[in-house]
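# Architecture at a glance
Here are the chains, one letter per residue:
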Amino acid sequence: MAKEAQKEHNELKEQEKEDRKNGWAPGPYSRNMTYSVPYNQDNILSVAITNDAYAGGAHGNAWIDTYNYDLLKARQISLKDIINNNTKLNKVNNYIRNEMIARNKKGAQFWVNEFKSVNLKEDQFYYTSGGIAIIFGEYEYGPYSNGIHTFKVPSSVYK
């Protein structure tokens, strides 16, 4: 992944040179990647890869990809392994919806009516000491100014 990010960064720098030759005056193009290990306990490992890219326009974009592993079973864990029935999913959805409403009261601008459900196949997550954290990206259920948002869901909600 790091090699691919470096390749994309180099391609963007070449594109920036071409754009400048053609009369555009963009800011510096870039593609960056960093990683963190938000959880590494009880034979569960969560790795978060934070990415950002800028290729002209009003602003760059950022996103987070996560990878969760059961080290004893040597397998990757998906969100649907954790939220494995409709009862759990409904509880998690209600919890997140209520969190959005609470954050809106503090100045966030979540589009609560747009949020129907966590996407068990596509939404990113990682483990926390008390449960899981589900990540929603820029423009997902709110304006760019909301940024990337993480909703920490206690295990008591989905157990």
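Scroll up for the structure.
Below, the structure is looked at part by part.

### Side note on the side chain of N146
Relative to the elements of secondary structure, N146 occurs in the loop between β6 (131-136) and β7 (149-154). Residues contacting N146, with those up to four places away along its chain left out, are A108, Q109, F110 and Y141.

### What to know about the layout of surface pockets
Approximately 220 Å³ is the volume found for the largest pocket. Mapped onto the lining of the largest pocket, the elements with two or more residues apiece are α2 (79-82), β5 (124-128) and α4 (155-158). For the lining of the largest pocket, the residue count by class is five nonpolar, five polar and six charged. When its volume is computed, the second largest pocket comes out at roughly 150 Å³. Considering the residues around the second largest pocket, the lining is formed by 13 residues, among which W63, I64, Q124, G137 and E140 are closest to the centre. Top element by residues in the lining of the second largest pocket is strand β3 (residues 61-70). It accounts for four residues.

### Some remarks on the sheet that holds strand β1 (residues 30-41)
If you trace the four strands from one edge of the open sheet to the other, you get β1-β2-β3-β4, paired in antiparallel fashion. Of all the strands in the sheet, the pair left with one neighbour each is β1 and β4 (75-76). One ladder, built from ten bridges, connects β1 with strand β2 (residues 44-54); its direction is antiparallel. Paired with T34 across the strands is T50, a residue of β2. Strands β1 and β2 of the sheet are contacted by helix α1 (residues 2-21), whose axis makes an angle of about 160° with β1.

### So, α1
In this model α1 runs 29 Å from its N-terminal to its C-terminal C-alpha over 20 residues, within 8% of the 28 Å that 1.5 Å per residue would give. All of the buried residues along α1 are A5, H9, L12, E16 and D19. Summarising the axial view, the buried residues of α1 lie within an arc of 85°, below the 170-degree limit, and thus occupy one face. Of the exposed residues in α1, the ones pointing more than 90 degrees away from its buried face are K3 and K21. Buried residues along α1 sit in contact with β1 and β2. A positive phi of about 95° marks G23, the residue just after α1.

### Some words on empty space enclosed by the protein
Inspection of the entire model under this criterion finds one cavity of 30 Å³ or more. By volume, the largest cavity amounts to about 30 Å³. Surrounding the largest cavity, F110, F136, G137, Y139, E140, Y141, G142, P143, N146, G147 and H149 form its lining. Residues belonging to the lining of the largest cavity are distributed by class as follows: five nonpolar, five polar and one charged.

The rules behind each value
Residues numbered from 1 in each chain as written. Predicted model: local features only at pLDDT ≥ 70, side-chain atom pairs only at ≥ 80, totals over all residues. Heavy atoms only, no water. Helix = DSSP H or I, 4+ residues; strand = E, 2+ residues; numbered from the N terminus. Contact = heavy atoms within 4.5 Å. 1 Å grid on protein atoms, 1.4 Å probe; cavity = no way out; pocket = protein on both sides within 12 Å on 5 of 7 lines; lining within 4 Å. Points joined across faces, edges and corners; volume = space filled by probe spheres on them. Nonpolar A, V, L, I, M, F, W, Y, C, P; charged D, E, K, R; others polar. Pairing = 2+ DSSP bridges. Axes fitted to C-alpha atoms, helices over the stretch in contact; angles between N-to-C directions. Expected span 1.5 Å × (residues − 1). Buried < 20%, exposed > 50% of the residue type's maximum accessible area, 1.4 Å probe, protein only. Arc of directions from axis to C-beta.

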